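Structural overview for review
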Amino acid sequence: MPVTVGGVSHTYLEKTPFEARALVDVSLEVADGEFVGIIGPTGSGKSTLIQIIDGLIRPTAGRVVVDGLDLSVKANLREVRRRVGLIFQYPEHQLFEETVTADVAFGPKNLGLPEGEVAERVREALRLVGLDPDRIGPRSPFALSGGQMRRAAIAGVLAMRPRLLILDEPAAGLDPRGREEILGYVRRLHKDLRQTVVLVSHHMEDVARLADRVVVMHRGKVVMDGPTAEVFTAGDRLRELGLRVPAVTELMLRLKERGWPLATDALTIEEAARRIIAAARAGAGRSGPAGGAPDERPGESPTGGGHR
Amino acid sequence: MAALISTEGLGHLYNQGQPNEVAALVDVDVAIEGGEFIAVVGPNGSGKSTLAKHFNALLLPTSGRVLVGGIDTRDQARMWEVRRMAGMVFQNPDNQIVATTVEEDVAFGPENLGVPPADIGTRIEQALRWVGMLEHRRHAPHLLSGGQKQRVAIAGVLAMKPRCLILDEATAMLDPVGRDEVMATVKWLNREEGLTVVHITHFMDEAAEADRVLVMDRGQVRFAGAPREVFSRPTELRQIGLDLPAMAELADRLRRAGLEVPAGVTSVEEMVDLLCR
């Protein structure tokens, strides 16, 4: 679902002593089926921007068009909120029904859909986040694990069949396995169902491996916008902006500085490993061929650990 | 030398004796020496927070015992001594602010302890200097960044002159800069002031900076050791549902491909040096 943000500015408490400029002339497009990551330090305007796209905040200047609907037209707001699924941080705090099924059904019921369709959507939404509708559906949401509660809350938004899904730090506070699960389901929604996704996160590693494109915000402005690999390999620029480069990218940049013939745009550990192994086999980093040369057995390189 | 904090056969049952009884800790023996920097990792529900809450008598054992500075935490008469010795900082910075200025917030703890007003001023100043927030002393806490708020919360604990600082996922809600700020502050306090630190975290990269890592799973300490040792056990960690710091994960892959990289490498610097030597 295409989104166009054109010259949007927003000032909180305008014309008061507490006036705060949250967004300054922001322009941005999200194309249908894209996965866009938004990164930036706390206070850079990320959450104001996503609330503007969802029609929750009315910008003080500029134009926002979501799926062809102009947000300055009040009559469009309701429809836009239906088409945009905004998942805030810790969405499980908003679970309230007695069963998971009832909780996920709440939104579609409010749309006035027939009972059969509501039930169908609930089952579909629960499956999309890996929760068995028959086993988990009848249970109290409060009896679930933290990761399951988070997924149940996300199912509640998916049951609305949003055309654009916006997630603000969806894995915050979860353990590594819970984090992997949530992000895995988000990735599948995008890959398998071509769901348009906007992911706001402080976790560079997660954004690096999920997003096709990254938008960097700083003090209310979009300061970088490009393909993920391009943004993350601009290490110095990101650091200037108070952001971090994913550890693997940092490593690739440093190896390149030390003369390794490597492409630095690896975004995942797998990719980095593949490139380092290939370069090492071609002799990078050492005077002679490194560990994995074809005539050597793995792990028993005669060049030895102490060879300098 | 006796450990600063030790647990002996520590068990904790929530809802003891009821149908929904849960064993959160099972027979845990740990000893934390004064001046150590300990990271505690483990999946949600593995007992990390429950364990930490025993270190300052927020929870009492349902079996076994906990000694803090030689005091049994079940000794009601000395509970406040224990609380003063081991101060805790929690996940959400906004739930921990009680006052309208930074210095009043930091004063809250020592005032409650009955510290004479003349000393309170000195303590606040020192605590805020230690966390690098002295210039913000008259600011409103709610206008600070997440990392700054957590540093103020740490100062609030420091003003009680504790021997141990316990961070219960205190970096979980922060942005990368905020996390770095808190980690740098805590490492400095540990190194320069000899403060004992217990840091509960889901971020393996943070755990890699500790002296020792405790790995918890289902109410027990599964294994413990220096980060290098702990992170050279990828299979066991993955089984428990944990991951590795990015560099340790990469090292594991490189080793399996036959490159000479020792297991348990955790920093980018170390990896660069290893690959370029």
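Residues numbered from 1 in each chain as written. Chains lettered and ligands numbered in written order. Predicted model: local features only at pLDDT ≥ 70, side-chain atom pairs only at ≥ 80, totals over all residues. Heavy atoms only, no water.

Our next topic: the confidence of the model for chain B. Residues and elements named next belong to chain B. Taken as a whole, chain B shows an average pLDDT of 93; of its residues, 100% reach a score of 70 or greater. Here helix 3 (residues 102–112) is the element of chain B with the lowest mean pLDDT, 91, and strand 3 (residues 37–41) is the one with the highest, 98. Of the two predicted TM-score estimates for the complex, the pTM is 0.85 and the ipTM is 0.81. (pLDDT = per-residue confidence, 0-100. Helix = DSSP H or I, 4+ residues; strand = E, 2+ residues; numbered from the N terminus.)

Residues and elements named next belong to chain B. Strand order in the open sheet made by the six strands is 6-7-8-3-9-10, with mixed pairing throughout. Edge positions in the sheet fall to strand 6 (86–89) and strand 10 (220–225), since each of these pairs with one other strand and no more. Between one strand and the next, the sheet's axes are offset by a mean angle of 20°, whatever the strand orientation. Direction of pairing for strand 9 (residues 212–217) relative to strand 10: antiparallel, over a ladder of five bridges. Pairing of Met216 across the sheet is with Val221, part of strand 10. The strands touched by helix 5 (residues 146–158) within the sheet are strand 6 and strand 7 (164–168), with strand 6 carrying the most contacts at an inclination of about 165°. Contacting strand 3, strand 7 and strand 8 (196–200), helix 6 (residues 176–193) runs over the sheet at an angle of about 135° to strand 3. (Pairing = 2+ DSSP bridges. Axes fitted to C-alpha atoms, helices over the stretch in contact; angles between N-to-C directions. Contact = heavy atoms within 4.5 Å.)

Taken together, the contact between chain A and chain B spans 41 residues of the former and 38 residues of the latter. Summed over both partners, the interface of chain A with chain B comes to about 3,500 Å²; 61% of that surface belongs to carbon and sulfur atoms. If you sort the residues of chain A by the area they bury against chain B, Asp175, Pro176 and Ile269 of chain A come out on top, with a joint share of 15%. The interface formed by chain A and chain B contains four salt bridges. Across the pair Arg258 of chain A and Asp273 of chain B runs a salt bridge, and its minimum N-O distance is 3.7 Å. Where chain A meets chain B, there are nine residue pairs in polar contact (both at pLDDT 80 or more). Of all the secondary structure elements, the ones that give two or more residues to the side of chain A that touches chain B are helix 6 (176–193), helix 10 (247–257) and helix 11 (269–281) of chain A. The residue inventory of the side of chain A that touches chain B, partitioned by class, reads 17 nonpolar, 13 polar and 11 charged. (Buried area = accessible area lost by both parts, 1.4 Å probe. Salt bridge = Lys/Arg side-chain N within 4 Å of Asp/Glu carboxyl O. Polar contact = N/O pair within 3.5 Å; in protein donor to acceptor, adjacent residues only side chain to side chain. Nonpolar A, V, L, I, M, F, W, Y, C, P; charged D, E, K, R; others polar.)

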